[in-house]
Amino acid sequence: MTHVVILGAGIAGVTAAYALKSKLGPRDEVTVVSDQPYFHFVPSNPWVAMGWRERSDIAFPIGPYLESRGIKFIHSGVKRIQPEGIQVDLENGDVLFYDMLLIATGATGLAEEVPGLAEHTQSVIHIDQAERALTAYRQFVRKPGAIVIGAAPGASVLGPIYEYAFLIDADLKRRNIRERVSITVVTPEPWPGHLGLGYEGASRGAVTAALVDTKISAICNAVTTRIDKDTIHVSELNAAGGVKETHALPFSYSVYWPAFGGVPGVRSAAGLVNERGLVVVDEYLRNPDYPNVFALGACVAQPPAAKTLVPVGAPDSVYSIQKAGEIVVQNILAMINDEPLTSHVPQRAKWLTDMGNTGAAYLSEPQVPLRDINWMRQGRWVHQAKIDFEKYFINRIRLQAMAQAPSAASRIAGVMSRGAGDAQASSAASSGKPLEIRLPQDPGIELRALARSLAREPDALAAELLAAAVSDAKSYLSESGVEALALARRELLVEELPERQPGVEFHGGGT
Ligand SMILES: Cc1cc2nc3c(=O)[nH]c(=O)nc-3n(C[C@H](O)[C@H](O)[C@H](O)COP(=O)(O)OP(=O)(O)OC[C@H]3O[C@@H](n4cnc5c(N)ncnc54)[C@H](O)[C@@H]3O)c2cc1C
């Protein structure tokens, strides 16, 4: 029997746990440990901070979903990792021994590196912080002033700072107060849209143009030196690395990205982590000194993709995490079976940025030099695709294991399974055979009565009920059924494009 312990129940930890459990033998065990009892979809945090998503839309208890697949879940923080003793000590007093360890605890912001950052600015890295940012934002809109959205030297994953700036712009326009607010982006990048990718591509011109269109100013090559209660102090560097200009930016509301570091409990794991507490891995995504310790996701120490005047951390995305996850799972299985390991080729970026009503998609794969490796497209379809990906990813995590579907909470389950199992339903869909649903009586009568009793408008109620039923029905589909549904949905999206855009494709990754 092999015991695989996974630390962290986020995007990296949960997807790896599902994949490993399905591929390991029946007597092998997978245990997931997390300091929070819930999964939350981090890419939607900027929407939470705008009040466009509720916590309940993107966060839910993860234990039941893991356990339904035979994966043990322990809700506790990690206290200490002792790779010499192949053990992990947990905050709740438990000690776990492992054969294979996968660290997937994400990152924490090293806010202390910039004096005043933690005290005077907001963050959206974690859902709790995004909720606090929303409270502060709601106070701000009552008395609008200047907004600064910034990133400290060494910050990684810079796509969301632009996304957040564009969301604020869209929201202020909806509130009709945009003219009363100045928005400034402060970034260590050498130009807007560099994103830590390391070369000048389509994103520079497109992001710069989008900033001009939305009247958002940007300070690049920026070292944020100190943040006071109402002023942000920035040194802008020149090409020689000297100070070109200093800025004292007054602000009423600010969201900042600190540099990323390892979470407590992992940060202290001597021999496993770098000076920022991020886990050091080799080309096989395992620690060079402890070959039975792997790492995945935002907790991994990644060298910067490019040398810049002010340090800029490497980009990260759901797509790249999923790609790396496939390699981690393959390599853990290979080690167990004494087979050769597979090297990991980093995927730089495949990213959708929401801009309120529209959005921008980046694709950048420097490791494939002969292809169209660095493009950016904008359009309303990106906004829709980003919403779609959020639903798709959350549904995938919430899928019950086939054999352990919950008792039917809804009659939809009965309709879906009538005369066909999950697998048949999905194959019927793909073979074009319509799913026949017979209703006992004209549903319009019941609907109108229901609408009247709820004092609602029947058409609006019908639309909401249909959306709820589709979402409910999806939870009873098998994994391949949900994949087929997502594919059909994406095909519809592409058909809706004003002009077909060759090269636009979503492989179930990259949001
Ligand atoms: C604001 C923001 C927006 C982003 N937007 C996008 C986007 O639009 N598209 C995209 O592709 N990528 C985006 N990313 C990048 C990337 O997708 C996310 O960072 C992703 O969530 C990383 O996944 P992860 O599993 O490594 O970490 P996380 O999702 O953060 O999960 C970490 C897990 O570890 C647990 N944990 C933490 N500390 C401990 C501890 N001490 N003990 C035990 N468990 C612990 C946490 O509770 C959590 O379960 C965004 C990142 C951020 C920060």
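Cut-offs applied
Residues numbered from 1 in each chain as written. Predicted model: local features only at pLDDT ≥ 70, side-chain atom pairs only at ≥ 80, totals over all residues. Helix = DSSP H or I, 4+ residues; strand = E, 2+ residues; numbered from the N terminus. Buried ≥ 20, exposed ≤ 12 C-beta atoms within 10 Å, placed from the backbone. Contact = placed C-beta atoms within 7 Å. Near = placed C-beta within 6 Å. Nonpolar A, V, L, I, M, F, W, Y, C, P; charged D, E, K, R; others polar. Domains from an automatic or database assignment. Expected span 1.5 Å × (residues − 1). Arc of directions from axis to C-beta. Pairing = 2+ DSSP bridges. Axes fitted to C-alpha atoms, helices over the stretch in contact; angles between N-to-C directions. Core = buried A, V, L, I, M, F, W, Y, C linked by C-beta atoms within 7 Å.

**Student:** Could you clarify how one ought to interpret the environment of Gly-77 in this entry?
**Tutor:** Relative to the helices and strands, Gly-77 is located in the loop between strand 5 (72–75) and strand 6 (78–82). A residue is classified by how many C-beta atoms lie within 10 Å of it, and Gly-77, with 16 of them, is partly exposed. Considering only alpha carbons, one finds Gly-77 and Gly-265, 188 residues apart in sequence, at a separation of 7.7 Å. Setting aside residues no more than four positions away along its own chain, Gly-77 makes contact with Asp-35, Leu-90, Glu-91 and Gly-265.

**Student:** In this structure, what is going on with unusual backbone geometry? I would like to understand it.
**Tutor:** With glycine set apart, most residues show a phi of negative sign, and most peptide bonds adopt trans. A positive phi is found at Ile-86, a non-glycine position, where the angle reads about 40°. Turning to its location among the elements, Ile-86 is positioned in the loop between strand 6 and strand 7 (87–90). Ile-86 gets classed as partly exposed once you count the C-beta atoms within 10 Å, which come to 18.

**Student:** Is there a simple way to explain the site of the ligand in this structure?
**Tutor:** The ligand sits among 38 residues. The nearest are Gly-8, Gly-10, Gly-106, Gly-297 and Ser-317. At the level of elements, helix 1 (11–23), strand 2 (29–34), helix 2 (45–50) and helix 9 (318–336) are the ones that each hand at least two residues to the shell around the ligand. Looking at the shell around the ligand, its residues break down into 22 nonpolar, 14 polar and two charged. Two domains each donate at least three residues to the shell around the ligand, and these are domain 1 (3–109 + 261–347) and domain 2 (111–259).

**Student:** Explanation requested: helix 9 in the structure shown.
**Tutor:** One full turn of an α-helix is made of 3.6 residues, so residues set three or four places apart face in the same direction. With 19 residues, helix 9 should cover 27 Å at 1.5 Å per step; its first-to-last C-alpha distance of 27 Å lies within 8% of that length. What helix 9 keeps buried is the set Val-318, Tyr-319, Ser-320, Ile-321, Gln-322, Ala-324, Gly-325, Val-328, Val-329, Asn-331 and Ile-332. In the stretch just after helix 9, Asp-338 is the one whose phi turns positive, near 60°.

**Student:** Looking at this model, I keep getting lost on helix 6 (residues 127–142). Mind explaining?
**Tutor:** Compared with an ideal rise of 1.5 Å per residue, which puts 16 residues at 22 Å, helix 6 spans 23 Å between its outermost C-alpha atoms and is within 8% of the ideal. For helix 6, every residue scored as buried is listed here: Ile-127, Ala-130, Ala-133 and Phe-140. With its buried residues spanning 110° around the axis, helix 6 presents them on a single face. In helix 6, those exposed residues whose orientation departs by more than 90 degrees from the buried face are Thr-135, Arg-138, Gln-139 and Arg-142. On its buried side, helix 6 packs onto strand 3 (38–40), helix 2, helix 3 (55–58), strand 4 (59–61) and strand 17 (253–257).

**Student:** Help me out: how do you make sense of the sheet that holds strand 14 (residues 222–227) in this one?
**Tutor:** Note: strands within a sheet are paired through backbone hydrogen bonds, in either parallel or antiparallel orientation. Within the open sheet, the three strands sit side by side as 14-15-16. Their pairing is antiparallel. Because the sheet does not close on itself, it has two edges, and the strands there are strand 14 and strand 16 (243–250). Across this sheet, the average inter-strand angle for adjacent strands is 20°, counted without regard to direction. Bridging between strand 14 and strand 15 (residues 231–237) involves five bridges; their strand directions are antiparallel. Across the sheet, residue Ala-222 finds its bridge partner in strand 15, namely Glu-236.

**Student:** What exactly am I supposed to notice about the sheet that holds strand 8 (residues 95–97) here?
**Tutor:** Strand order in the open sheet formed by three strands is 6-7-8, with antiparallel pairing between adjacent strands. Looking along the sheet, the strands with just one partner apiece sit at the ends: strand 6 and strand 8. On average, adjacent strands in this sheet sit at an angle of 20° to one another, irrespective of strand direction. Direction of pairing for strand 6 relative to strand 7: antiparallel, over a ladder of four bridges. Paired with Arg-80 across the two strands is Asp-89, which belongs to strand 7.

**Student:** What is the right way to read the environment of Ile-394 from this model?
**Tutor:** Looking at the secondary structure, you find Ile-394 in helix 10 (residues 380–398). Separated by 337 residues in sequence, Ile-394 and Asp-57 have C-alpha atoms that sit 9.2 Å apart. Beyond its immediate stretch of four places on either side in the chain, Ile-394 contacts Phe-41 and Ile-58.

**Student:** Would you take a moment to explain the pairing of strand 15 for this structure?
**Tutor:** If you look at the hairpin formed by strand 14 and strand 15, you'll find three residues sitting between the two strands. Strand direction decides the pairing type here: strand 15 and strand 16, joined by seven bridges, are antiparallel. Bridge pairing in strand 16 places Val-234 opposite His-247. Turn length for the strand 15-strand 16 hairpin, with the two strands adjacent in sequence and antiparallel, is five residues, and the turn residue Gly-241 shows positive phi of about 95°.

**Student:** Help me understand the nonpolar core, please; the structure alone is not making it clear to me.
**Tutor:** Core analysis: the biggest nonpolar cluster contains 129 residues, and Leu-102 and Leu-296 have the highest contact counts within it. Per-element tally for this core: the top contributor is helix 7 (residues 159–174), with nine residues. The residue makeup of this core includes at least three contributed by each of domain 1 (3–109 + 261–347) and domain 2 (111–259). Excluding residues within four positions of it along the chain, Leu-102 makes contact with Val-4, Ile-6, Ala-16, Phe-294, Leu-296, Val-328 and Ile-332.

Function cannot be inferred from these measures alone, as they are strictly geometric.
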